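Structural description and commentary
What follows is each chain in one-letter form.
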Amino acid sequence: MAPNHSPLKDGSSAAGCFRTRCCIRFRLQRFHRIEMAASGDQAFDYGFLLRISEESSRVAALNEYLSTRSYLGGFVFSRADAEAFALLRRPPAEPLSHALRWYRHVAALLRDSCTKGKRVQPPWTPPKGTEPPKLCLYNSLTRRKEEFVPQNGNKVLWYCCGPTVYDASHMGHARSYISFDILRRILMNYFKYDVFYCMNITDIDDKIIKRARQNYLLEQYIAKKPAPAQILEDVVTAMKPFQVKLAETTDPDKKQMLQRMDTAVSEALAPLQGAVQSGAAVTHSQAEVLLEEAKDLLSDWLDSQFGSQVTDNSIFSLLPKYWEGEYHKDMEALNVLPPDVLTRVSEYVPEIVEFVKKIVDNGYGYVSNGSVYFDTVKFDASEKHSYAKLVPEAVGDQKALQEGEGDLSISADRLSEKRSQNDFALWKGSKPGEPSWESPWGKGRPGWHIECSAMAGSILGESMDIHGGGFDLRFPHHDNELAQSEAFFENDHWVRYFLHTGHLTIAGCKMSKSLKNFITIKDALAKHTARQLRLAFLMHSWKDTLDYSPNTMESAIQYERFMNEFFLNVKDILRAPTDLTGQFEKWESPEIELNQSFCDRKAAVHVALCDNIDTRTALEEMRAMVSQSNTYIANRKSAKLAPNRVLLQSIATYLTDMLKTFGSIEGTEPIGFPVGGHGQNVDLESTVLPYLKVLSDFREGVRKIAREKKVTEILQLCDAVRDDILPELGVRLEDHEGLPTVVKLVDRETLLKEREEKKKVEEEKRRKKEEAARKRQEQEMAKLAKMKIPPSEMFRLEADKYSRFDETGFPTHDSEGKEISKGQTKKLRKLYEAQEKLHKEYLEMVQNGSNS
C-alpha cells in the first residue's frame, strides 16, 4: 500500500511519519546487534503504555513516568526509548514538559541517524491565539444580548414590519427604517451575511378605511358646491357631535388638538353667524375659510351620516397607493435600501384566508358572527405554546388590545363576539362602508396581526432569523403575530431574534400634531441632509430612545464636518507630486505609533459592532482615529516634513469604507464624501483640481511678488478670490505660511455658511474692539475730569456726606454735624493726597501744552 501524504495536525505529513518509522525500524535492527541499554534506574520499562489506548492519557502517563527518570544527565539511548517514541503520533503538548523534552531529544537522535548528519527543521507548534469576538444582538425575546447564530449557515431570513400607508411618513418612521437599514448594511457588508430582507406594506387597515372614506365623502361634498348658507348649517350641525367627543376625550394630547380645532372653527363661524343675525349675505370667501377650518370635523360628521353607503373597494385603494408612493420617495431620499421582497396586504388576501383556515383547523381559532378570532386561552394552555412571549406582563391591558384591534373594531357588538377579552381578530366580517373579500365565513377583511404572519410565512417559511419593528409594536402586534404563526406552523420558534428600535422624541417630548412638533421626513430633509440624519442615528444606540433636537443634529453636523476636513486634508497630501518610489517613505517612531493606534482603533470598532452593533462607540473610535491622524499631520507640517502618504491613505480609505458600510457615503470615491451633489456622475475632483492647482500656484506667485513690492491692492484682490469668488464655486483655498496653498472642493452651501459665520465673528470682534475703545475713551475722559478738580474742592462737592471743612477744603464733620473719626480721617487723607497728585499732573500737562 502506498504511504498517505495528507498533512497531520502538527504540520508534518503521513509521508514524513512513514520515513521516521522506517528509520526507527532500522535503528531497532542495530539495537539487536549493539548493546545500548543502560542498567539500573536508566532502564525504560514502557510496557504500561501499551495498556493505554487513548493517546492523551498515554502521553500524560508517559510524562508522569519521565518526571522521575533522568534521561539527559548520562542518558544512553535505548531500544525502549525508540519503541515508546513509535507509539506517539505527534509531539506532546507544552504543559507536559518532561515528555516533550524527551520526545524532542529522541526525535533529534533519530533525525541525525536518518539524515546521516544533515540539519533538519525543528518541530513547530502553532500559536495559541485569542478568541475573536462574536456578534451579539439584543433579543427582545430574552431581553438580553444573545450570540447571533443564523439557522442556515450564512443565510439570514429577515422580516420587517412596514408602514401603514394613510398619511405622510414622519420621523418616527425614519427612526425604524434608517436604524434597520444600518443594521442590515452592517450584517451584509461588514459581517458578510447573506441577508434576505422582506418588508410589508399595510394597505388594508381601520385607519386607512376611515381616512379613505372620509376623504371621498368630503370630496363629494365640495364637488356639489354647496351654498354658503348650507355650509354654515352643516358645520353648526357637525359641531354638536364634535363637542361631545371633545368632552369625552381624556388623552391630553388628543384633547389639546381637538380644543385647538374647536377654537379655529368657532373663530371662522363667528363672522358668518354675525352676518346671518344682521341680515347680511354670507360671502363665498367667508364660507371657504370656514370649510377649510372645519374640514376634519365635517369629514367625521359626513362619515357618520353617509359612510355606510361607500361600497366600492377601489375607493379604499387610492389613498394607500398614493401614500405608498410617497413613502418610497422618502426612503430613497434617506438612502434606505429597498427590501428584497415587498408584500402588500391587498395582494395576499387569498393566502391570509388559507392561513386563518389552518389556524382554525389546528384548534386555535373560532368563528363568531362572521368573524374569526384567535383563542388565546386554548393556545396558552397548550404544553408547546406560550402566549405573549415578548411582553407577558401586558396581557389583559385592554387599552393596548383595543388599539391593536383598530378604531372600527372596538364597538360593543364586536367586543361581545370574543370568548376572552384577550382574544383578537384573525378575520373581520365587513360592515357596510368597509371593503370586503370573499371567505368561508362570509365577506370580510383581514385582521391587522394576521397580515404579517401570512405574508412572512409565505415568503420566509416556518421560521425566520430576525423580525424587526418599532418598540411600540411588541404588544399586542408582535405577540399576536408570534402566537398565530406558531399556531399555524405548530412550532415554538417562528422568530429566533426579535429586534425592536427605540422611540423617537422631539426635543424631549412625544411627537404629536397636538404639540405642533409633528415632523415629516420631508420636513426634516428640508433642514438637514440624509447623511446628517443618518449620522445622528448612528451616534445613538438603535434600541434606545433617540431625541431629535437641534443639539442632536448639531452634533451630527459637527461630526460630518470633522470627518470631511480630514478627508480633504488627506486628499491634498496625496495630490502632492512624487515619483513612484517616493510614495514609500521610511517609517519612524511617529508612523509606527500612529499605525499601532490605527490597528487598535480598528479592533475596537470591530468589538463595538460585535456588541449589539454599537455604532455610537464605533463612531467615537473613528473620531479618535482622525484626531490622532490630525495631530500627526500637524506635527509633520510644523517640522516642514511631508506626512506619510501610504499610512494616511490607509486610514482614510478604512474610514470611508466604514461610512459606506453604514450607508453614510454613496458613490465609488475611494476616499471621503462625494463631491458635486447627489446624482453627480462626473468625478469632479479629478476633472477640475488640475486647473484649480494651476490657479492656486499662479495666485501664490502673485502674492509673493505683491508682498515684496508692497502692493496692497493686489494682495486684496488675491484675498477676494479666496474669500468671495471661489467659495461661490464650491472651492476653498487655505493659505499656510511657508507651505503650499491647500485646495479643497467643498459643498457650496457649506462654504457660504462658513463665510457668513466668519463675517459674524469678524463683525463681533470689530464691535468688541470699538466697544473697548469707547470704554477706554470714557475712562480717560472721566479721569481727565477728575484731574481738573483741585483737592480743596473735591470733598466740598459731596455736600450730602460732609457739612464742615478746614481751610484746605478737608472735611472735619459729616452731614449730621458729627466730627469725623480718626480712622475715617486717615482714609480721607489718602484720597486727598492722591487727588493732589492727580491735579498736579493736570496742571503740568496744561502748562506743557501751553508752552508747546
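In what follows, the accompanying structure is described. Sequence positions are assigned chain by chain, starting from 1 and proceeding in written order. For this predicted model, a pLDDT threshold of at least 70 governs which residues receive local features, and a threshold of 80 or more governs which side-chain atom pairs are given and counted, while totals over whole chains, interfaces and linings are taken from all residues. Based on all heavy atoms of the structure, the side-chain values leave hydrogens and waters out of the count.

The next point concerns the sheet that holds strand β7 (residues 371-374). Spatial strand order, β6-β7-β8-β9: four strands in an open sheet with antiparallel pairing. Each of the sheet's edge strands pairs with one partner strand only, and the pair in question is β6 (365-368) and β9 (444-446). Strand-to-strand twist in this sheet, taken as the mean axis angle between neighbours without regard to direction, amounts to 25°. Sheet topology places β7 next to strand β8 (residues 424-429); three bridges connect them, and they run antiparallel. The partner of Val372 across the bridge, within β8, is Trp427. Strand pairing follows a simple DSSP-based rule, namely that at least 2 bridges must link the two strands. Numbered from the N terminus, helices here are DSSP runs of H or I no shorter than four residues, and strands are runs of E no shorter than two. Geometry is summarised by axes, namely lines fitted to C-alpha atoms with helices restricted to the contacting stretch, and by angles between N-to-C directions that run from 0 to 180 degrees.

Moving on: the packing of aromatic side chains. Pairing of aromatic rings covers Phe, Tyr and the six-membered ring of Trp, with a centre-to-centre limit of 6.5 Å; geometry is then stacked below 30 degrees between planes, edge-to-face above 60, and tilted otherwise. This structure, assessed with the given rule, holds 25 aromatic pairs. With centroids separated by 5.7 Å and ring planes inclined at 85°, the aromatic side chains of Phe795 and Tyr802 adopt a geometry described as edge-to-face. For the pair formed by Phe795 and Tyr802, the shared burial category is buried. Taken together, the aromatic side chains of Tyr364, Phe374, Phe379 and Phe424 make up a single cluster linked through ring pairs. The criterion is that NZ of a Lys, or CZ of an Arg, lies within 6 Å of the ring centre and within 35 degrees of the ring normal, and then a charge sits over that ring. The side chain of Arg531 reaches across the aromatic face of Phe673, ending 4.1 Å from its centre. The side chain of Lys602 reaches across the aromatic face of Phe598, ending 4.3 Å from its centre. Exposure classes here rest on a 1.4 Å probe applied to the protein chains alone. A residue is buried below 20% of its type maximum, exposed above 50%, and partly exposed in between.

Right, let's talk about the nonpolar core for a bit. Buried residues of nine kinds, namely Ala, Val, Leu, Ile, Met, Phe, Trp, Tyr and Cys, make up a nonpolar core once their side-chain atoms join them within 4.5 Å. Residues Trp158, Tyr548, Leu655 and Phe662 are the most contacted members of the largest nonpolar core, which totals 113 residues. The dominant element in this core, judged by the number of residues it contributes, is helix α6 (residues 171-190), at nine residues. If near-sequence neighbours (up to four positions away) are discounted, Tyr548 is found in contact with Met171, Leu504, Thr505, Ile506, Ala507, Ile519, Ala524, His528, Leu533 and Met553. Formed by 46 residues, the second largest nonpolar core is a distinct cluster that contains Val356, Val372, Leu460 and Phe489. Should any heavy atoms of two residues lie within 4.5 Å, those residues are considered in contact.

Let us now look at the pairing of strand β17 (residues 802-805). Sheet analysis places β17 next to strand β18 (residues 811-814), joined by three bridges and oriented antiparallel. From the neighbouring strand, Arg804 faces β18, where its bridge partner is His813. Adjacent in sequence and paired antiparallel, β17 and β18 are bridged by five residues, among which Gly809 carries a positive phi angle near 90°.

Our focus in this paragraph is the packing of α6 against helix α20 (residues 530-538). With their axes 10 Å apart at the nearest point, α6 and α20 run at an angle of 75° to one another. Viewed along their axes, α6 and α20 adopt a mutual orientation that is roughly perpendicular. Residues Met171, Ala174, Arg175, Ile178, Ser179, Asp181, Ile182 and Arg185 of α6 lie in contact with α20, whose contacting residues are Leu533, Arg534, Phe537 and Leu538. Basically, the charged four are Asp, Glu, Lys and Arg, the nonpolar ten are Ala, Val, Leu, Ile, Met, Phe, Trp, Tyr, Cys and Pro, and anything else, Gly included, counts as polar. Here the contact of α6 with α20 is built from residues that sort into seven nonpolar, one polar and four charged. Roughly parallel means an angle under 35 degrees; roughly antiparallel, over 145; roughly perpendicular, 65 to 115; everything else is oblique.

Locating Arg175 in the fold gives a position in helix α6. For this count, His and the chain ends are skipped, Lys and Arg are scored as positive, and Asp and Glu as negative. Note on definitions: salt bridges are taken to be side-chain nitrogens of Lys or Arg within 4 Å of carboxyl oxygens of Asp or Glu. The charged side chain of Arg175 is buried without a salt bridge, its nearest counter-charge being Asp544 at 6.8 Å. Whenever a nitrogen or oxygen atom comes within 3.5 Å of another N or O atom, the pair is scored as a polar contact, on the condition that within protein one atom can donate a hydrogen and the other can accept it, and that pairs from neighbouring residues in sequence are kept only if both atoms are in side chains. Polar side-chain contacts of Arg175 include one of 3.3 Å to the backbone oxygen of Gly502.

Here we come to the sheet that holds strand β12 (residues 504-506). Sheet strands line up and pair through hydrogen bonds in the backbone, either parallel or antiparallel. Strand order in the open sheet formed by three strands is β13-β12-β14, and the pairing between neighbours is mixed. The open sheet terminates on both sides in strands that have one partner only, identified here as β13 (509-510) and β14 (546-548). Here β12 pairs with β13 via two bridges, running antiparallel. From the neighbouring strand, Ile506 faces β13, where its bridge partner is Cys509.

Given a helix with a known number of residues, its expected span is that number minus one, times 1.5 Å. Taking 1.5 Å of rise per residue, 26 residues should cover 38 Å, and helix α25 (residues 684-709) covers 37 Å from first to last C-alpha, within 8% of that figure. Each residue is assigned a bend, namely the angle between axes fitted to the seven residues that terminate at it and the seven residues that start at it. The principal kink in α25, of about 30°, is found at Pro690. Considered for burial, the residues of α25 that qualify are Glu685, Leu689, Leu692, Ser696, Arg699, Arg703 and Ala706. Check the buried side of α25 and you find it contacts α21 (550-575), α26 (712-725), β15 (731-736) and β16 (739-745).

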